[in-house]
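# Summary of the model geometry
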Amino acid sequence: MAIVGTTIFSHILPVIFGFFAFILIISGSLEENKPKLVFGVVLFIIACAFPYVVLNALI
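Worth saying up front: this structure is predicted, and the values here are computed from it rather than measured. (Residues numbered from 1 in each chain as written. Predicted model: local features only at pLDDT ≥ 70, side-chain atom pairs only at ≥ 80, totals over all residues. Heavy atoms only, no water.)

This part covers helix 1 (residues 6-30). An ideal rise of 1.5 Å per residue puts 36 Å on 25 residues; helix 1 measures up with 36 Å between its terminal C-alpha atoms. If you look at helix 1, its biggest bend is around 35°, right at I12, and the proline P14 turns up within four residues after that. By the burial criterion, the buried members of helix 1 are T6, P14, G18, A21, L24, S27 and G28. Of the surrounding secondary structure, the elements contacted by the buried residues of helix 1 are helix 2 (34-58). After helix 1 finishes, the residue E32 shows a positive phi value of roughly 55°. (Helix = DSSP H or I, 4+ residues; strand = E, 2+ residues; numbered from the N terminus. Expected span 1.5 Å × (residues − 1). Bend = angle between axes of the 7 residues up to and from the residue. Buried < 20%, exposed > 50% of the residue type's maximum accessible area, 1.4 Å probe, protein only. Contact = heavy atoms within 4.5 Å.)

Before going further, it helps to spend a moment on the packing of helix 1 against helix 2. For the pair helix 1 and helix 2, the least separation of the axes is 6 Å and the interaxial angle reads 170°. The angle between the axes of helix 1 and helix 2 places the two elements in the roughly antiparallel class. Each residue belonging to the contact of helix 1 with helix 2 can be placed in one class, and the counts come to 20 nonpolar, seven polar and one charged. (Axes fitted to C-alpha atoms, helices over the stretch in contact; angles between N-to-C directions. Parallel < 35°, antiparallel > 145°, perpendicular 65-115°, else oblique. Nonpolar A, V, L, I, M, F, W, Y, C, P; charged D, E, K, R; others polar.)

Turning next to the environment of A47. With respect to the helices and strands, the residue A47 is situated in helix 2. For A47, a relative accessible area of 6% puts it in the buried group. Taking the C-alpha atoms as reference points, A47 and F20, separated by 27 residues in sequence, lie 9.8 Å from one another. Sequence-distant contacts of A47, that is, excluding residues within four places in its chain, are made with P14, F17 and G18.

Another aspect to go through is the packing of aromatic side chains. Under the defined criterion, the tally for this structure stands at three aromatic pairs. Measuring from centroid to centroid gives 5.7 Å for F17 and F50, while their planes differ by 75°, and the two rings are edge-to-face. Highlighted residues: F17 in helix 1 and F50 in helix 2, separated in sequence by 33 residues. Here F22 and F44 contribute two aromatic rings whose centre-to-centre distance is 5.4 Å and whose plane-to-plane angle is 50°, an arrangement assigned as tilted. Pair noted here: F22 is in helix 1 and F44 is in helix 2, with a separation of 22 residues, a long-range link. (Phe/Tyr/Trp six-rings, centres within 6.5 Å; stacked < 30°, edge-to-face > 60°.)

All right, on to the pattern of salt bridges then. Counting across every chain of the model gives one salt bridge. Its salt-bridge partner being E31, residue K36 comes within 3.1 Å of it at the nearest N-O pair. Among the residues examined, K36 registers a relative accessible area of 24% and is labelled partly exposed. (Salt bridge = Lys/Arg side-chain N within 4 Å of Asp/Glu carboxyl O.)

Shown next as structure tokens:
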């Protein structure tokens, strides 16, 4: 049986991270701000990998 908080880690937090990643990517590319763009790309990669890493550790 899964832990009760797994929905937060598998469905809610990745969406929030992905949303802010897209905002940072768009903002960084329009303003030609490289650090903001790179942070958005890194945050998007973290949002993609986050459920796999955390849920493997919890379950």
